[in-house]
Amino acid sequence: MEASFLVPSPSFIGFRTSKELPYMLSSCELKSITCFSVCNQKKNYGRKLYTIPIKTVARFCISRSSVRSLESGGTGPHSDAYTVPNDRQRNSNFEGELEELFDEVKRMIRTGNKNDAVDLLNANYELVKERLNAGAKGIEEAAALDILALGYMAVGDFKFVGSLLNMMKEVIDTLKEDEPHLDSILIHMGSMYATLSKFEKSLDTYQRAVYIMERTYGKDSTFLVTPYLGMAKVLGSIGKATKAIEIYQRVITLLESNRGAENKDLVVPLLGLGNLLLKERRANDAETHFTRVLNIYTKLYGQNDGRIGMAMSSLAQVKCALGKSDEAINLFKRALQIIKDSNYMSLDDSIMEKMRVDLADLLHAVGRGQEGRELLEECLSITERYKGKEHPSIGTHMINLATSYSRSKNYVEAEHLLRRSLKIMMKHKGTDDQSISFPMLQLAITLYHLKNDEEAEKLALEVLRIREKAFGKDSLPVGEALDCLVSIQTRLGKDDSELLELLRRILNIQEREFGYESEEVLATLKKIVYYLDKLGRKHEKFPLQRRLSVLMKKYKQMVHH
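Quick caveat, the model's predicted, so the values are computed rather than measured. (Residues numbered from 1 in each chain as written. Predicted model: local features only at pLDDT ≥ 70, side-chain atom pairs only at ≥ 80, totals over all residues. Heavy atoms only, no water.)

### Here we look at the overall build of the chain
Within the chain, the secondary structure is distributed over 24 helices and 0 strands. Here the chain holds 561 residues, and 52% of them are scored as buried. Nonlocal contacts in the chain, meaning residues at least 24 apart in sequence, comprise 68% of its contacts between residues at least 6 apart. (Helix = DSSP H or I, 4+ residues; strand = E, 2+ residues; numbered from the N terminus. Buried < 20%, exposed > 50% of the residue type's maximum accessible area, 1.4 Å probe, protein only. Contact = heavy atoms within 4.5 Å.)

### A word on the environment of Leu229
With respect to the helices and strands, the residue Leu229 is situated in helix H9 (residues 225-237). Residues Leu229 and Val251, 22 residues apart in the sequence, show an inter-C-alpha distance of 7.5 Å.

### A look at helix H7 (residues 182-195)
Its 14 residues give H7 an end-to-end C-alpha distance of 20 Å, which sits within 8% of 20 Å, the value for a rise of 1.5 Å per residue. The element H7 is extensively covered by neighbouring structure, given that 14 of its 14 residues are classed as buried. The positive-phi residue at the C-terminal boundary of H7 is Ser197, with phi of around 60°. (Expected span 1.5 Å × (residues − 1).)

### Thoughts on helix H17 (residues 392-407)
Here H17 spans 24 Å end to end across 16 residues, near enough to the 22 Å set by a 1.5 Å rise per residue. Most of H17 sits out of view: 14 of its 16 residues are buried. Count one or two residues on from H17 and you reach Lys409, which has phi positive near 65°.

### A closer look at the packing of helix H10 (residues 241-259) against helix H11 (residues 267-279)
Where H10 meets H11, the axes come as close as 9 Å, and the angle between the chain directions of the two elements is 155°. It follows from the interaxial angle that H10 and H11 lie roughly antiparallel. Crossing angle aside, the handedness with which H10 passes H11 is left-handed. Counted together, Ala241, Ala244, Ile245, Tyr248, Gln249, Val251, Ile252 and Leu255 of H10 and Pro269, Leu270, Gly272, Leu273, Leu276 and Leu277 of H11 form the full contact between these two elements. Among the residues making up the contact of H10 with H11, the classes are represented as 12 nonpolar, 2 polar and no charged. (Axes fitted to C-alpha atoms, helices over the stretch in contact; angles between N-to-C directions. Parallel < 35°, antiparallel > 145°, perpendicular 65-115°, else oblique. Left-handed = near helix turned anticlockwise from the far one by under 90°. Nonpolar A, V, L, I, M, F, W, Y, C, P; charged D, E, K, R; others polar.)

### Topic: the packing of aromatic side chains
For the structure shown, the criterion picks out 5 aromatic pairs. Between Tyr125 and Phe160, the aromatic rings sit 5.0 Å apart at their centres with planes inclined by 85°, giving edge-to-face as the arrangement. Placement of the pair is Tyr125 in helix H4 (residues 114-133) and Phe160 in helix H6 (residues 158-173), with a sequence separation of 35 residues. Judged by its relative accessible area of 21%, Phe160 falls in the partly exposed class. Between Tyr217 and Phe223, the ring centres sit 4.3 Å apart and the planes meet at 80°, which makes this aromatic pair edge-to-face. For Tyr217, a relative accessible area of 31% puts it in the partly exposed group. Within the aromatic cluster, the residues linked to one another by ring pairs are Tyr125, Tyr152 and Phe160. If you follow Arg491 out to its NZ or CZ, it ends over the ring of Tyr448, 3.9 Å from the centre. (Phe/Tyr/Trp six-rings, centres within 6.5 Å; stacked < 30°, edge-to-face > 60°. Lys NZ or Arg CZ within 6 Å of the ring centre and 35° of its normal.)

### Re the confidence of the model for the chain
Residues with a pLDDT of 70 or more make up 83% of the chain, whose mean pLDDT is 79. Counting interchain partners and residues more than four positions distant, the pLDDT-below-50 stretch residues 1-91 has 278 contacts. (pLDDT = per-residue confidence, 0-100.)

### Observations regarding the environment of Leu441
Considering the arrangement of structural elements, one finds Leu441 in helix H19 (residues 437-449). A relative accessible area of 3% places Leu441 in the buried class. When sequence neighbours within four positions are dropped, the list of residues in contact with Leu441 reads Val463, Arg467, Glu480, Ala481 and Cys484.

### Considering the side chain of Thr446
In this fold, Thr446 is placed in helix H19. Ignoring sequence-local partners within four residues, the contact set of Thr446 consists of Ser406, Tyr411, Ala414, Glu415 and Leu418.

### Remarks on unusual backbone geometry
Located in the positive-phi region is Ser197, a residue other than glycine, with phi close to 60°. Structurally, Ser197 is set in the loop between H7 and helix H8 (199-217).

### Remarks on the packing of H8 against H9
Axis separation between H8 and H9 bottoms out at 9 Å; the angle between their running directions is 155°. Comparing their axes, H9 and H8 come out roughly antiparallel. Along this stretch, H8 crosses H9, giving a crossing that reads as left-handed. Facing H8, whose interface residues are Phe199, Ser202, Leu203, Tyr206, Gln207, Val210, Met213 and Glu214, H9 presents Pro227, Tyr228, Gly230, Met231, Val234, Leu235 and Ser237. Grouping the amino acids of the contact of H8 with H9 by side-chain chemistry returns 10 nonpolar, 4 polar and 1 charged.

### Comments concerning the pattern of salt bridges
Where charged atoms from two side chains of opposite charge come close, those side chains can pair. With the rule as written, the count across this model stands at 40 salt bridges. Among the salt bridges present, the one from Glu513 reaches Arg512, with a minimum N-O distance of 3.5 Å. Ionic pairing is found between Glu540 and Arg537, a salt bridge with its closest N-O pair at 3.0 Å. Here Arg537 falls in the partly exposed class, since its relative accessible area comes to 24%. Residues participating in the shared-partner salt-bridge network are Asp432, Glu462, Arg465 and Lys469. (Salt bridge = Lys/Arg side-chain N within 4 Å of Asp/Glu carboxyl O.)

### Brief notes about the environment of Leu548
By the element assignment, Leu548 lies in helix H24 (residues 538-560). In sequence terms Leu548 and Leu525 are 23 residues apart; their C-alpha atoms lie 6.6 Å from each other. Filtering out sequence-adjacent residues up to four positions away, Leu548 remains in contact with Leu522, Leu525, Lys526 and Val529.

### A few points about the side chain of Arg356
Along the chain, Arg356 turns up in helix H15 (residues 350-365). For the buried Arg356, which has no salt bridge, the nearest side chain bearing the opposite charge is Glu378, at an N-O separation of 4.4 Å. Within polar-contact distance, the side chain of Arg356 engages the backbone oxygen of Leu347 at 2.8 Å. Residue contacts for Arg356: discarding those within four places in its chain leaves Leu336, Leu347, Leu375, Glu378, Cys379 and Ile382. (Lys, Arg positive; Asp, Glu negative; His and termini not counted. Polar contact = N/O pair within 3.5 Å; in protein donor to acceptor, adjacent residues only side chain to side chain.)

So, in C-alpha cells, the structure goes:
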C-alpha cells in the first residue's frame, strides 16, 4: 500500500519512492468481470480439455463471489460486479470444465499453492495452443484463452497475460458479432487490457462489446452497465474526464429508469463518478454522489452495516478536500468503528489500512499528532499480528511512525524505528534497491538532528549513489539527497567550493522540476549567494543576487495580496 503520510527533507518537496506493495494481487483489476458460459459446439473438444486430475472442486459459476475472492486486497462493497443473468448461461460440459478450472486455480491461490495453480494453467495452456496450431479458432478457443488469462492474472503473471490477450485478439477478430458470449469475453479483455495499462486497446474492446450488446438487447438494457463502467474508468485514467463523467451519468440514468433511484446497483457508478470528480477538484459535486451512496446503504442495510463505514470514508475524503477537517476526522473515526464492529472486513485489509493512514495524516495536519501516532502504532501492531514481524509492509508502517516522532522532535524513537525498517527492507530488497533509499535518507536526517553528523553523511552519500544509479544524476530524488547532504556537510565544515558545486546541481534540478520562480529555487539561490559572497566571487554573485531580490519582491507582494 502506498502510505500518504510521508515527510520530505528540509527544503525539498518529498518524492515518494515506490515501496513494495504488501497486497500483490490487489492490482489485479477483475472488478467488472461478468459471468459467462460457452456454447458447446465441439463436444469432443470439451471432453479432452483440462486433463489434469482435479480432486475436489466446488462446481459453481464464475460469478462475482468467485472472481472477487481472487483479489487479496481491495475487496469491498465497491468492487461489486454485475453478473449476466441466468438465461444466458448454458450448462455444457465445456462450460462446466472452464468453471472447474477457474475455481480450482482460485482455490489453490487462496490456500497458498500458487505454484500448483501455475502448473495447472500451464498444462491447460499447452492443450489450447495445440488446438490453435491445428487451426481451430472458434468461440471455444477464445473462451478457453479468456479463462487462462484470468487465471494468470490472478497469480500475478501480467507479462504472460499480455501475450494471451494478443492470441485472443487474433481469434476474436475472426468471429462474427452474433457468436454467443463474445460480448462477455470482450468485457473481460477490456478489463485485463486496462489492468495492463493498455488503455486504447481496452477502449476498443469495450466499444465492440457495447456495439454487440446494443444490437442484441437494445440501448436501454442494463447489460450495458458493465462495459460502460469499464470505459468510464479507462477514460478517467487517461485524463478524458469530461467523456468519463458523461458515461457515468448515462449509467446512472439507465439504472434509475430500470431499477429505481434507490437500487444498490447505483452505488458502483455513483462512487466511480464521485472519485473522478474528487480527482478533478470538483469536491462539491462529488459530495452529492457520496452522500447519495450513504443514503442508499443506510436505507438498505441500517446504520451499523460495514458498507455504511465504506461510504462514510468516501465522504470523509470529500470533507478533507473541502477543508472541513473536523467533519472528515469524525467521519473517518465512525467509519473505522462501524467496519470493525460489524466484522465487515479483516482488520489488516488494505482498505482499512489506508483509512487509518489517511486519518493519521489528517490528525497530524491539524496538530493532533498524538492521536495520529496512536493510529499509526495500531497499523504497525495489526500488521505484526497478521503478517509477522519481518513482513515487508512492516517497514512502511515504521517509516510513517518514525516520521510522526520526528515531527514531535522525538528523534531517538524515530532513529530506532528507522534502523529497524531499514533492516527489514534490506532483507527483502537487497542493499541496492532504490526503495531502501527512503528510510535511509530519513535516518540520515534524523541523525543530523541528533548531531551524529559522520554517520548521517555516510548514509546520505549512499542514498545519493543508489538514486543516481536508479533515477539518473539530474532527477528529483537525487536533488532531495543532495539537499540533505549539503546540510550535513555544511555543519561538518566541508570545503565551501565543494558545497557550492552541490548547490548548483540542486538549483538545476529544482529549476527544471519546479520552475525558475519557485520557492524551492528561492531557498537554494539564497544559499548559493551566501557561499559566493563568502568565497569572494563577486562577479558571479551579482547577477544571482539581482535575480534573488526580484524573486523575494515577488513573494512579498504575494503575501501582502
